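Survey of secondary and tertiary structure
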Amino acid sequence: MNDAPLMLNLIALAPQARAQLLAAGVRLHDVNPRALAASSALAHATDAADRAAIASARLVLTNGTTGLTAAQMQALPQLELVCAFGAGFENIDVTAATERGIAVAHAPNTNGETVADHALALMLAVSRGLVTLDRAVKAGGWESHRAPRPTLNGARLGVVGLGNIGQAIALRAAGFGMSISYHTRTPRTDGPSHAWQHYANVSELARDSDFLVLACPGGPATHHLVSTEVLAQLGPKGFLVNVARGSVVDTVALIEALCDGVIAGAALDVYETEPEVPSALRMLENVVLTPHISGRSPAALQAQIDVLLANVRAHLSRLPLFAAVNTVRGNRTSG
């Protein structure tokens, strides 16, 4: 680095990422995101070290879930660059950042293959009952747990969102002999998608799917896209898998559908209230839960670190960002 910038960190950061940022010359100051959420702006921090960091931080590290609001940006007088660790940036107020001359960057295409692998694992786990069967066998059970279970081969997959991750999931599913359909705002005609059926309506896609897998962005446009109606269309033999964002699913509607047998089961890696998970979901046998880990693998982590450092280096060198979210004129990069 040709500078020693201060980065305000709002997220849990893997030791590997922290070590590489420090080795690159970035000074890190951690702020508890829960404490930030409890105040209307970062300036309300009472800790002297936090106040000093807020006053001088040129960089912020966050992610799509934690985000950064307009009020928080306003409380950071030296802020130049907001970096999302990973592809998502739905809770970063990009409009406010652009108006303030603050650049926003993310790390797309760094963990998509890992997410796709995890999605297939969740599909198999929930349909084959792997978690329940594992517990049963370890407890000494056998014959009473050998009932036939649904499998992927020959089943119908509906993918909501056909970006890089959605396509990677579909390609893996095709290898299992599944038929593929998908929902996007407009049909995809590139790559293998020309052979897959497009649905303009999520409810109709759910109706014609045995597995409905969510791989779309979060944010207002997809908030509660999976509703009571969609779950009813998925039906009593259908499974919901979410590796997108918790906000895409109406959690209350999902719990009711699972309890009432409206759908067969669900496998979730993301939640509306994460890291808190509703107790009802934790108690259900027809649900498989993982802790927002679908994008985490050693290879994916290193790729995200590499893109983060590339964005920071480019910004400090007054070069175009490696993965820009917005376009900023006359930004605040210090000389």
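Please read all numbers here as calculations on a predicted model, not as lab measurements.

1. A few points about the overall build of the protein
From N to C terminus, the protein includes 13 helices and 12 strands. Structurally, the protein occupies a C-alpha span of about 70 × 45 × 35 Å along its principal axes. Here the protein, with 335 residues, has 49% of them falling under the buried criterion. Counting only contacts in the protein whose residues sit at least 6 apart along the sequence, the fraction spanning at least 24 positions is 61%. Carbon and sulfur atoms form 54% of the exposed surface of the protein, whose accessible area is close to 15600 Å². When the 24 positive and 26 negative side-chain charges of the protein are each reduced to one mean point, those points stand 5 Å apart.

2. Some details on the side chain of threonine 251
Locating threonine 251 in the fold gives a position in helix α11 (residues 251-259). Within the local environment of threonine 251, its side chain forms a polar contact with the side chain of glutamate 272, the two groups lying 2.6 Å apart. Beyond its immediate sequence surroundings of up to four residues, threonine 251 is in contact with Glu272, Pro278 and Leu281.

3. A short note on the packing of helix α1 (residues 15-23) against helix α13 (residues 298-316)
Between α1 and α13, the shortest axis-to-axis distance is 10 Å and the interhelical angle comes to 25°. Between α1 and α13, the angle is such that the two are roughly parallel. Two packed elements cross with a definite hand, and for α1 against α13 that hand is right-handed. The residues of α13 that touch α1, namely those facing Gln16, Ala17, Gln20 and Leu21, are Leu301, Gln302, Ile305, Asp306, Leu308 and Leu309. Grouping the amino acids of the contact of α1 with α13 by side-chain chemistry returns 6 nonpolar, 3 polar and 1 charged.

4. A few points about the sheet that holds strand β3 (residues 59-62)
The strand order across the open sheet built from 5 strands is β2-β1-β3-β4-β5, with neighbouring strands paired in parallel fashion. Only two strands of the sheet have a single neighbouring strand rather than two, namely β2 (27-30) and β5 (103-105). Averaged over all pairs of adjacent strands, the angle between their axes in this sheet comes to 20°, without regard to strand direction. Pairing between strand β1 (residues 6-9) and β2: 4 bridges, direction parallel. Within β2, the position partnered with asparagine 9 by the bridge is aspartate 30. Where α1 meets the sheet, its contacts fall on β1, β2 and β3, and the angle it forms with β2 comes to roughly 140°.

Conventions used here
- Residues numbered from 1 in each chain as written.
- Predicted model: local features only at pLDDT ≥ 70, side-chain atom pairs only at ≥ 80, totals over all residues.
- Heavy atoms only, no water.
- Helix = DSSP H or I, 4+ residues; strand = E, 2+ residues; numbered from the N terminus.
- Buried < 20%, exposed > 50% of the residue type's maximum accessible area, 1.4 Å probe, protein only.
- Contact = heavy atoms within 4.5 Å.
- Areas by Shrake-Rupley, 256 points an atom, 1.4 Å probe, with all protein chains shown as cover.
- Lys, Arg positive; Asp, Glu negative; His and termini not counted.
- Charge placed at Lys NZ, Arg CZ, Asp CG, Glu CD.
- Polar contact = N/O pair within 3.5 Å; in protein donor to acceptor, adjacent residues only side chain to side chain.
- Axes fitted to C-alpha atoms, helices over the stretch in contact; angles between N-to-C directions.
- Parallel < 35°, antiparallel > 145°, perpendicular 65-115°, else oblique.
- Left-handed = near helix turned anticlockwise from the far one by under 90°.
- Nonpolar A, V, L, I, M, F, W, Y, C, P; charged D, E, K, R; others polar.
- Pairing = 2+ DSSP bridges.

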